[in-house]
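Each chain, written out:
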Amino acid sequence: KEGIEFPISGEKALEIVESNPKAEEFIKENFENESNRITRVALVWDQTSDGYLWKIEVMERSCGCTIEGMEGLNVINADIDPYTGKILDLQTRQGVKEESLARERCMEGCHTTDDKVEKLIIS
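Fair warning: this is a prediction, and the values are worked out from it, not measured in the lab. (Residues numbered from 1 in each chain as written. Predicted model: local features only at pLDDT ≥ 70, side-chain atom pairs only at ≥ 80, totals over all residues. Heavy atoms only, no water.)

*Asks:* How would you summarise unusual backbone geometry if you had to cite specific residues and measurements?
*Replies:* Of note, the phi angle at Asp50 is positive, near 55 degrees, even though the residue is not glycine. By relative accessible area, which is 57% here, Asp50 ends up exposed. (Buried < 20%, exposed > 50% of the residue type's maximum accessible area, 1.4 Å probe, protein only.)

Spelled out as structure tokens, the structure:
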């Protein structure tokens, strides 16, 4: 089994995201309990750019009670160039309902119209 290696590893891509000022602020304000946190790092073929991207997702369940109408998961999503480490996209979302996130995942994977999407789950 041969692996694909890039100058920017999945671990380094995650560090780049977590040290971004926008992400740092979001984490400080919205993440409170690391044991409730899920981190996904996936190497994905992106047909638009005809190359690989690191897809980073860090999410944490918000408190079980509803505060100011917010419920669900707080999420950071980012795309990182595996050659340069440049953040190509960074989004933060608060109070994402788990059902909504599950539907998005299904559209990305199960029901994608593109059969050439390749994913390698790193963590």
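That shown, we press on.
*Asks:* With reference to specific residues and values, describe the confidence of the model for the protein chain.
*Replies:* For the protein chain, per-residue confidence averages 81 on the pLDDT scale, and residues scoring 70 or more make up 71% of the total. The least confident element of the protein chain, judged by mean pLDDT, is strand β5 (residues 119-121) at 46; the most confident is helix α1 (residues 10-18) at 97. Confidence drops under pLDDT 50 across residues 113-123; counting only partners more than four residues distant or on other chains, this segment forms 23 contacts. (pLDDT = per-residue confidence, 0-100. Helix = DSSP H or I, 4+ residues; strand = E, 2+ residues; numbered from the N terminus. Contact = heavy atoms within 4.5 Å.)

*Asks:* Account for helix α2 (residues 21-30), naming residues and giving values.
*Replies:* Turning to α2, its buried residues number three or more, namely Ala23, Phe26 and Asn30. The arc enclosing the buried residues of α2, seen along the axis, measures out at 60 degrees, which places them on a common side. Turned more than 90 degrees away from the buried face of α2, the exposed residues are Pro21, Lys28 and Glu29. If you follow the buried residues of α2, they end up packed against α1, β2 (51-61), β3 (73-80) and β4 (87-96). (Arc of directions from axis to C-beta.)

*Asks:* An account of the side chain of Asn30 is needed here, citing residue identities and associated values.
*Replies:* Its place among the elements puts Asn30 in helix α2. Polar contacts involving the side chain of Asn30 include one to the side chain of Gln94, which spans 2.6 Å. Apart from the residues within four sequence positions on either side, Asn30 is in contact with Glu60, Asn74 and Gln94. (Polar contact = N/O pair within 3.5 Å; in protein donor to acceptor, adjacent residues only side chain to side chain.)

*Asks:* Lay out the pairing of β2 in plain terms, naming residues and giving numbers.
*Replies:* Side chains on a regular strand alternate between the two faces of the sheet. Most of β2 sits inside the fold, with nine of its 11 residues counted as buried. Of the pairings in the sheet, the one linking strand β1 (residues 37-46) to β2 comprises 10 bridges and is antiparallel in character. Following the sheet pairing, Trp45 is matched in β2 by Tyr52. Between β1 and β2, which pair antiparallel and follow one another directly, the connecting turn spans four residues, one of which, Asp50, has a positive phi of 55 degrees. Relative to β3, β2 runs antiparallel, the two sharing eight bridges. By the bridge assignment, Trp54 is partnered in β3 with Ile80. (Pairing = 2+ DSSP bridges.)

*Asks:* Give me the lowdown on the nonpolar core, citing residues and values where you can.
*Replies:* Counting 19 residues, the largest nonpolar core has Val17, Trp54, Ile56, Ile76 and Ile80 as the members making the most contacts within it. When residues of this core are traced back to their parent elements, those giving at least two are α1, α2, β1, β2 and β3. With residues near it in sequence (within four places) discarded, Ile56 still touches Gly10, Ala13, Leu14, Val17, Arg40, Val41, Ile76, Asn77, Ala78 and Ile80. (Core = buried A, V, L, I, M, F, W, Y, C linked by side-chain atoms within 4.5 Å.)

*Asks:* Could you give me a rundown of the packing of aromatic side chains, with the residues and numbers involved?
*Replies:* For the coordinates displayed, the defined rule picks out four aromatic pairs. Here the aromatic rings of Phe6 and Tyr83 are separated by 5.1 Å at their centres, their planes lie at 85 degrees, and the arrangement is edge-to-face. Of the two residues, Phe6 is situated in the segment before α1 and Tyr83 in the loop between β3 and β4; the sequence distance between them amounts to 77 residues. A relative accessible area of 53% means that Tyr83 is categorised as exposed. One aromatic cluster is present, formed by Phe6, Trp45, Tyr52 and Tyr83 through successive ring pairs. (Phe/Tyr/Trp six-rings, centres within 6.5 Å; stacked < 30°, edge-to-face > 60°.)

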